Amino acid sequence: MGPDEDRVVRTRAARGAEIRLAARARQVLRQNDMGVWTRASPSLYPHQWSWDSAFIAIGLARLSTRRAAKELSALFEYQWKTGKVPHIVFNPEAPPGSYFPGPDHWACAAASPDAPPAPPYTSCLCQPPVHAIAALHVWETAERNGGEEADEARAFLRKIYPKLLSWHRYLMTARDPEGSGLVTIYHPWESGTDNSPRWDAALKNVEVGYLPPYPRYDLGQVGSPSERPTGAEYDRYLWLVKLIKKAGCDEENIHRSHPFLVKDVLFSAILVAANEALLEIAASVGVKDVSLIIGWIARGRRAIDGCWDPEIGLCLDYDLRGGRPLLARTVAGFAPLIAGRQNPERLGDVIATLESPAFLGHPRLRWRVPPSTSPLQEGFHPRSYWRGPTWPVVNWLLWWSLLRAGEPGRARRLRHASLLQLASGEFGEYFEPFTGEPLGANGQSWTAAVALDWLARPPVEASAEAA
Ligand code: 9WN
């Protein structure tokens, strides 16, 4: 066989593998489909999670833009009066004893005058605002497909725009009373990177009082307890929930008394990118005055810049209670890349850290995808949740940010490595960075969703990436 034929055979084989992977990803999303929303995973997470749903909508848009729009609309049905989008909408049909803390534990949140009517119950926390980015994806995909699909998506966009605006306004005001441009979180669960070493120092100052015994259903659903947060971490999580409930889920009370108040750079960077998406949505639905959103973007971007630590070449979160930055080398530090449109020098710095031995250049990595926590960071653990494993969904966010930053070559390499990691077709929640072993929940919806989006990129973007 000549070199040309050989290349054709290999290309065909690779294409065949991609088709099989996409089929498996579709199957995972189908299995977790609850009609108008999607379970985060079949048994560990049988409810609707906020930022999971946004990523799921991005993947679903590749299958049906109508269904993807429903995913977001279903979540926003439970938006609080304040504009907050709850981090979990509980599935009334989930088997009892499947997830803790479940709806009973959060039922009191329904007593807040700001909560939506229950059931279904919601938590009173929130998660990073990927939703506008997802809504824009749905719209762009439908617009490309044209016809009735585009008309329906335009109607969806018109309906969701004011809801997204109110969600972002909540984050820019109630979650940033200082007007700093950075979002304050009340709980590590709000960051979406729950047990990351980012929170270790701030959590140390949380004194846990009496907690009645509680179940850890999660531990029975993963290969080994080391893949989930420890007992001491969970005690702190539940203690913080108890305090938030005691404060009546009231933002002012929480700001006055809560022991965990942290400015989260990753959350804030996602909000900048989401505000950029909102600006595009505003243009598509014919909104004229967008000065508010433009102001939010500028404020957010300036603030992210101010969190830069030149020593480690990453952005750092800030502990409002402790009055100090939280020093940790984690993927959250790539915030300037995610916020986008940084000056070339800052972009160069971020990429240098990304490619350094602290992340992609680490010699022991199975695939060149970033570990959630740098192996050089104290507290790194290759199997423990956000303390080291790689998360495909984070890789998607970085890949998408690299594309937006005009780095198609790096984006292409990251996508390629991410797809190789998923090639076995096991859509794990996260992966051991040195062995590539899938960990946590299996059949995780957002992992399947980002794979589908990667696999369905149209040729225009593929060739732009190859440039
Ligand atoms: C708590 C659903 C969620 C993700 C989070 C991830 C994990 C929950 C948990 O699962 O968090 O919200 O019980 O560990 O950390 O990012 O949204 O997939």
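As the structure is a computational prediction, the values presented were derived from the model and not from experiment.

Basis of the calculations
- Residues numbered from 1 in each chain as written.
- Predicted model: local features only at pLDDT ≥ 70, side-chain atom pairs only at ≥ 80, totals over all residues.
- Heavy atoms only, no water.
- Near = heavy atom within 4 Å.
- Polar contact = N/O pair within 3.5 Å; in protein donor to acceptor, adjacent residues only side chain to side chain.
- Areas by Shrake-Rupley, 256 points an atom, 1.4 Å probe, with all protein chains shown as cover.
- Nonpolar A, V, L, I, M, F, W, Y, C, P; charged D, E, K, R; others polar.
- Salt bridge = Lys/Arg side-chain N within 4 Å of Asp/Glu carboxyl O.
- Helix = DSSP H or I, 4+ residues; strand = E, 2+ residues; numbered from the N terminus.
- Buried < 20%, exposed > 50% of the residue type's maximum accessible area, 1.4 Å probe, protein only.

**Observations regarding the site of the ligand**
Part 1: Around the ligand there are 16 residues in total, and Asp52, Tyr99, Gly192, Asp194 and Tyr385 lie nearest to it.
Part 2: One nitrogen or oxygen atom from the side chain of Gln127 is found 3.0 Å from an oxygen atom belonging to the ligand.
Part 3: Interatomic distance of 3.0 Å between a side-chain N/O atom of Arg228 and an oxygen atom of the ligand.
Part 4: Here the ligand loses 100% of its free accessible area of 410 Å² to cover by the protein chains.
Part 5: Among the residues forming the shell around the ligand, the class breakdown is nine nonpolar, four polar and three charged.

**Examining the pattern of salt bridges**
Part 1: Evaluated as defined, the whole model comprises 26 salt bridges.
Part 2: Among the ionic pairs, Arg66 bridges to Glu152, the shortest N-O distance being 2.8 Å. You can see Arg66 sitting in helix 3 (residues 65-76) and its partner Glu152 sitting in helix 6 (residues 147-173), a full 86 residues away along the chain.
Part 3: Across the pair Arg228 and Asp218 runs a salt bridge, and its minimum N-O distance is 2.7 Å. Here Arg228, found in the loop between helix 8 (200-204) and helix 9 (231-246), pairs with Asp218, found in the loop between helix 8 and helix 9; they are 10 residues apart in sequence, far enough to count as distant.

**Considering helix 2 (residues 50-60)**
Part 1: Buried residues dominate helix 2, accounting for 11 of its 11 residues.
Part 2: Considered for burial, the residues of helix 2 that qualify are Ser50, Trp51, Asp52, Ser53, Ala54, Phe55, Ile56, Ala57, Ile58, Gly59 and Leu60.

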